[in-house]
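Topology and contacts: notes
Here is how the chains run, residue by residue.
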2 protein chains.
Amino acid sequence: MKVLITGADGYIGRALARRLAAPGATLQGQAIDQLTLCDLRLPEAPPAPQVRAVAGSIADAAVIDAITQNHHDVVFHLASVPSGQSESDHELGLKVNVHATLALVEAVQRGGAAPTFVFTSSIAVFGAPLPARIDDDTPLRPSLSYGAQKQMAEIFLADCTRRGFLHARSLRLPGIVARPPTPTGALSAFSSELIRALVEQRSFVCPVSASATLWLLSLEACIDNLLHAAQCPPERLGGHTAWTLPAQRLSIGELVRAFEAERPGASALVSYRPDEALEAQFGRLPPLTTARADAAGFRHDGSVAQLVRRAARALDPAPA
Amino acid sequence: MKVLITGADGYIGRALARRLAAPGATLQGQAIDQLTLCDLRLPEAPPAPQVRAVAGSIADAAVIDAITQNHHDVVFHLASVPSGQSESDHELGLKVNVHATLALVEAVQRGGAAPTFVFTSSIAVFGAPLPARIDDDTPLRPSLSYGAQKQMAEIFLADCTRRGFLHARSLRLPGIVARPPTPTGALSAFSSELIRALVEQRSFVCPVSASATLWLLSLEACIDNLLHAAQCPPERLGGHTAWTLPAQRLSIGELVRAFEAERPGASALVSYRPDEALEAQFGRLPPLTTARADAAGFRHDGSVAQLVRRAARALDPAPA
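Now for a look at the structure at hand. (Residues numbered from 1 in each chain as written. Chains lettered and ligands numbered in written order. Predicted model: local features only at pLDDT ≥ 70, side-chain atom pairs only at ≥ 80, totals over all residues. Heavy atoms only, no water.)

Now for the packing of helix H1 (residues 11-21) of chain B against helix H7 (residues 219-231) of chain B. All names here are of chain B. At a closest axis distance of 10 Å, the pairing of H1 and H7 adopts a crossing angle of 65°. Between H1 and H7 the crossing geometry is right-handed. On the side of H1, the interface is formed by Tyr11, Ile12, Ala15, Leu16, Arg19 and Leu20, while H7 contributes Leu219, Glu220, Cys222, Ile223, Asp224, Leu226 and Leu227. Split into classes, the residues belonging to the contact of H1 with H7 amount to 10 nonpolar, no polar and three charged. (Axes fitted to C-alpha atoms, helices over the stretch in contact; angles between N-to-C directions. Helix = DSSP H or I, 4+ residues; strand = E, 2+ residues; numbered from the N terminus. Left-handed = near helix turned anticlockwise from the far one by under 90°. Contact = heavy atoms within 4.5 Å. Nonpolar A, V, L, I, M, F, W, Y, C, P; charged D, E, K, R; others polar.)

Mapping chain B onto chain A calls for a screw motion: a turn of 180° about the axis and a shift of 0.0 Å along it, with 0.0 Å RMSD after fitting. Taken together, the turn and the small shift mark the pair as related by a two-fold rotation axis. Closest approach to the rotation axis among the C-alpha atoms of chain B is made by B:Met152, whose C-alpha sits 2.5 Å away. (Least-squares fit on C-alpha atoms with pLDDT ≥ 70 in both.)

This paragraph deals with unusual backbone geometry. The linkage connecting A:Ala128 with the following residue, A:Pro129, adopts the cis geometry, with an omega of -5°. Cis geometry marks the peptide bond from A:Val177 to A:Ala178; its omega dihedral reads -5°. Its location among the elements puts A:Ala178 in the loop between strand E9 (175-177) and helix H6 (190-199). In this structure, A:Gln28 is a non-glycine residue whose phi angle is positive, near 50°. Its identity is not glycine, yet B:Gln201 carries a phi of approximately 55°, on the positive side.

Moving on: the pattern of salt bridges. Enumeration over the complete set of coordinates arrives at 27 salt bridges over all chains. Linking A:Lys2 and A:Asp33 is a salt bridge whose minimum nitrogen-to-oxygen distance equals 3.2 Å. Here A:Asp33 lies in the loop between strand E3 (30-31) and strand E4 (34-39) and A:Lys2 lies in strand E1 (residues 2-6), a separation of 31 residues in the sequence. Residue classification places A:Asp33 among the partly exposed residues on the basis of a relative accessible area of 45%. Its salt-bridge partner being B:Glu87, residue A:Arg162 comes within 2.9 Å of it at the nearest N-O pair. Remark: B:Glu87 occurs in helix H3 (residues 83-88) and A:Arg162 occurs in helix H5 (residues 145-162); the pair is interchain, linking two chains. Under the relative-accessibility criterion, A:Arg162 is labelled partly exposed at 38%. (Salt bridge = Lys/Arg side-chain N within 4 Å of Asp/Glu carboxyl O. Buried < 20%, exposed > 50% of the residue type's maximum accessible area, 1.4 Å probe, protein only.)

Residues and elements named next belong to chain B. The mixed open sheet is built from three strands, whose spatial order is E9-E11-E13. The open sheet terminates on both sides in strands that have one partner only, identified here as strand E9 (175-177) and strand E13 (248-251). Averaged over all pairs of adjacent strands, the angle between their axes in this sheet comes to 50°, without regard to strand direction. Where strand E11 (residues 213-218) meets E13, four bridges bridge the pair, whose relative direction is antiparallel. Note that in E13 the partner of Leu216 across the bridge is Gln248. The strands touched by helix H6 (residues 190-199) within the sheet are E9 and E11, with E9 carrying the most contacts at an inclination of about 20°. In the packing of helix H11 (residues 304-313) onto the sheet, contacts are made with E9, E11 and E13, and the angle to E11 comes to roughly 65°. (Pairing = 2+ DSSP bridges.)

This paragraph deals with H6(A). All names here are of chain A. Burial analysis of H6 places eight of its 10 residues in the buried class, the great majority of the element. Here H6 has its buried residues at Phe190, Ser191, Ser192, Leu194, Ile195, Arg196, Ala197 and Leu198. Looking one or two places after H6, you find Gln201, whose phi comes out positive at around 55°.

A few words on the sheet that holds E4(A). Backbone-to-backbone hydrogen bonds pair the strands of a sheet. The strands run either parallel or antiparallel. Residue and element names in this part refer to chain A. Within the open sheet, the seven strands sit side by side as E5-E4-E1-E6-E7-E8-E12. Their pairing is parallel. Edge positions in the sheet fall to strand E5 (51-55) and strand E12 (242-244), since each of these pairs with one other strand and no more. For this sheet the average axis-to-axis angle between neighbouring strands, irrespective of direction, equals 15°. When E4 meets E5, the two strands line up parallel, connected through five bridges. Bridged to Cys38 within E5 is Val54. The strands touched by helix H4 (residues 90-108) are E1, strand E6 (74-77) and strand E7 (116-122); relative to E6, the strand with the most contacts, the crossing angle is about 175°. Contacts between H5 and the sheet are confined to E7, strand E8 (167-173) and E12, with E7 contributing the most and set at about 155° to the helix.

A separate point is the interface of chain B and chain A. The interface of chain B with chain A comprises 26 residues on the first partner and 26 residues on the second. Carbon and sulfur atoms supply 56% of the area buried between chain B and chain A, which totals about 2100 Å² over both sides. On the chain B side of the contact with chain A, B:Met152, B:Ile155 and B:Arg163 bury the most area, a combined 25% of that side's loss. Along the contact surface separating chain B from chain A lie five salt bridges. (Buried area = accessible area lost by both parts, 1.4 Å probe.)

Residues and elements named next belong to chain B. Side chains Val74 and Phe76 project from strand E6 (residues 74-77) onto one buried face, and the interleaved Val75 and His77 project onto a second face that is buried too. Bridge analysis of strand E1 (residues 2-6) against E6 gives four bridges, and the strand direction is parallel. For Thr6, the partnering residue across the bridge sits in E6 and is His77. Here E6 pairs with strand E7 (residues 116-122) via four bridges, running parallel. Looking at E7, one finds that His77 is bridged to Phe119.

Read these as geometric descriptors, not functional statements.
Below is the structure:
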């Protein structure tokens, strides 16, 4: 079993790589005898002998060549320019989120059996403002370049799957918590910033109101779902190639109260200075049903208490 | 007023170029002082002094450079690898329908005011089988690479419009009749083949049944709609960037009867040998409503008799 992870030094990529490099880790019931990690920068020492690290941008053809020299059975394509940066640098977003994705897909389907291709899409494909509820029939109307680029990739992957070039599993990720601080930042990072502040018992000025609603999933549950996507028997997928992942819909107020229950005093740390535009784009998420993903076996954290515990754990040095 | 047409030697491109190169032709109320035509091959002698011809593939960066040396106020991007060829040669379809479109868009938005960008998309974005009726809310689920590639381009153009790089007008074309024979052929070419046979009083074995239904628009009405797209005041567009063009929904039987009314004996020329797969993909078009396009002023031919007359006229050496 040969596995490739792009974006392997990102927040999600690191946790995924840690799971797959662990002793005895399997995928699709097979031992992982080669795990290739690719990202702009990677730790000097690979965590295990079967791990091969390739540092460089997937927007660079030579890097794609290097990581696809051998055939991969499963590809996790996580590398992406996030929402804020895709807005501020349209060319870079396009280069990585669209062109590099197309080039990677073309390269991994050469030689060997069609690989399973797990792609991290985003709820940004729905755009804003959102309709009163979201389900599997909600039309995609991205309102940021990031969402548009993710949707283009989803369509391409669906077509490549139909043609038998690969088996695509595009997962639309909700807010994954708690992310560490990033310089390039997703615009929606405030939920993780809030959680970090509460875990570290710092005061936090929240840029959306207490009634702002989010769709949240812990890092741990996110990794569980990525691994499930790579292993789920085809007959459970119902012929689909893209799923909106299950997530808990919570208001900022509910999230803070769940922290208060575990860490008394937490709610006193939070004050509110809502940014109307930010809240309109990222903080008015309607009720969500994900029947397709539920049927395929994707799962959220199950309870707010579990989400809060896992989100706090994701801030540990070796989470998930 | 400087205008660019890609795919200018295609069936639609030639008719559009003829209209825009005609003496006194205007666009957006202005005289056309430069008309750049681009296609793989172009006639030796440009039809008018203001016409500049660039022969070559838009998948070639040097060709994109050549055609975008000066700024264009209006771009008609018609160049495309058709449905059949996009299925048989995935790489070529992707190169022209996606990569070249992205490269062209990037090039035309450099320098000068944001151009109006008229893009010929296709009803192939809906895929097959189709739901019981199609309207502006019907989800796009392309079932051929051609449709997937057109949808990717639509999404990209919508995002570029939101960002102010250009003003996109993507028109999803129904069956345009009557096309001349082509070697590379659209899979849906049978409706044009039927019309050509009836005009030329030849017998025709129809590869779909008499009850097969199509959405049809004459070449003349198609050109009218492309020109309208380039000139329609923004306030009529309702913030949209893509429209399914109005078309008449006709069965093959109705089409043949309309010919019979004008050319007695026509129906005796037609026999049927339906190809189930072809009919499923292209011959089961449900009722169509195009409220958005109607409101923006796009129009079909108005009557079956008018469609049949215009379709026959499109086969003349200098149609539309």
